[in-house]
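Inside the fold
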Amino acid sequence: MKFTHLKSLSLMLLLALFLVGCSGEAEKVVEKPAPVHIESGDECHICGMAITRFPGPKGEVITEKEQTVHKFCSTRDMFAWVLQPENVMRKHTLYVHDMSQTEWASPDDTALIDAREAVYVIGSERKGAMGQTMASFATEAAAHDFVMEYGGEVVRFDAITLEHLNTEMPMGDMHGDMHGEMKH
């Protein structure tokens, strides 16, 4: 008889725990904010340069709590901000251009993709706002196609470090003028 009573008591306790769990506040499902259009007068959050005046992929960060939008003239500047110790562990929303879907000279904001899911090419001959930049792509296949044409190394988001940002082309390849164009 005691076993049946203990079994009933255990069942009631489990039911009570289940009801308490269900009656508590439901977990908030936070919808990812949509990318924000980069306007012609927008300035880079890192260097202050006019973002749309330069070629190559751009980046933007929407902060986790404040939902503040920080725009960057290059993926390299975005990563310079994201990889700072005070930002690296935060769950900010990050966007970059999928360069397989837009022109290098003037990326279209309809091609913005989740930066954490993108694949990057580091060390290519293509230049961005501050010279060396990281080309961003939605797929690994598109990144490899880019490498075949422009060189570089394919790297995933989680593998990018501050050392990647400081990597320049080998000195023997730096025969460009101050605009980053190669002289022949």
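Structure report, in brief.

**Considerations on the sheet that holds strand β4 (residues 112-114)**
- What the 4 strands build is an open sheet, ordered β2-β1-β3-β4; its pairing is antiparallel. At either margin of the open sheet sits one strand with a lone partner, and together these are β2 (69-72) and β4. Within this sheet the neighbouring strands show an average axis-to-axis angle of 25 degrees, counted without direction.
- Relative to strand β1 (residues 59-62), helix α2 (residues 75-82) is tilted by about 30 degrees, and along the sheet it contacts β1, β2 and β3 (93-97).

**Concerning the pairing of strand β6 (residues 131-137)**
- Summarising burial for β6: 6 of the 7 residues are buried, a large majority.
- Both strand β5 (residues 119-128) and β6 contribute to a ladder of 6 bridges, which runs antiparallel. Residue K127 lies in a different strand from β6, and its bridge partner there is Q132.
- The turn linking β5 back onto β6 is made up of 2 residues.

**Notes on the pattern of salt bridges**
- In this structure the tally under the stated criterion is 3 salt bridges.
- A salt bridge links D42 to K71, with the shortest nitrogen-to-oxygen separation between them at 2.6 Å. Of this pair, D42 sits in the loop between α1 (2-23) and β1 while K71 sits in strand β2, and the two are 29 residues apart along the sequence. We note that D42, like K71, is buried.

**Brief notes about the environment of P107**
- Tracing the backbone shows P107 in the loop between β3 and β4.
- Its relative accessible area of 14% is what places P107 among the buried residues.
- Sequence separation between P107 and H97 is 10 residues; the distance between their C-alpha atoms is 6.9 Å.
- Those residues within four positions of P107 in sequence are excluded, and the remaining contacts are G56, P57, K58, H97, M99 and T102.

**Considerations on unusual backbone geometry**
- Look at Q67: it is not a glycine, yet its phi comes out positive at around 60 degrees.
- Secondary-structure assignment places Q67 in the loop between β1 and β2.

**Here's the deal with the side chain of K58**
- By the secondary structure assignment, K58 is in the loop between α1 and β1.
- In this structure, K58 is buried with no salt-bridge partner, the nearest side chain bearing the opposite charge being D109 at 8.6 Å.
- In contact with K58, not counting residues within four places along its chain, are I38, I51, F72, C73, S74, T75, Y95, V96, H97 and P107.

**So, the pairing of β3**
- Taken across its 5 residues, β3 has 5 buried, putting it largely inside the fold.
- Of the two faces of β3, the one lined by T93, Y95 and H97 and the one lined by L94 and V96 are each fully buried.
- Here β1 pairs with β3 via 4 bridges, running antiparallel. By the bridge assignment, V61 is partnered in β3 with L94.
- As paired elements, β3 and β4 share 3 bridges and run antiparallel to each other. Bridge pairing in β4 links H97 to L112.

**Focus: the environment of A142**
- The topology assignment puts A142 in helix α3 (residues 140-150).
- For the pair A142 and S100, spaced 42 residues apart in sequence, the C-alpha to C-alpha distance is 6.3 Å.
- Those residues in contact with A142 that sit more than four places away from it in its chain are S100 and F137.

**Quick notes on the state of the cysteines**
- Summed over all chains, the structure comprises 0 disulfides.
- Not engaged in a disulfide, the cysteine C47 finds its nearest cysteine sulfur in C73; these two sulfurs lie 3.6 Å apart.

Calculation rules
Residues numbered from 1 in each chain as written. Predicted model: local features only at pLDDT ≥ 70, side-chain atom pairs only at ≥ 80, totals over all residues. Heavy atoms only, no water. Pairing = 2+ DSSP bridges. Helix = DSSP H or I, 4+ residues; strand = E, 2+ residues; numbered from the N terminus. Axes fitted to C-alpha atoms, helices over the stretch in contact; angles between N-to-C directions. Contact = heavy atoms within 4.5 Å. Buried < 20%, exposed > 50% of the residue type's maximum accessible area, 1.4 Å probe, protein only. Salt bridge = Lys/Arg side-chain N within 4 Å of Asp/Glu carboxyl O. Lys, Arg positive; Asp, Glu negative; His and termini not counted. Disulfide = S-S within 2.5 Å.

Fair warning: the whole summary comes from geometry, so function is off the table for now.
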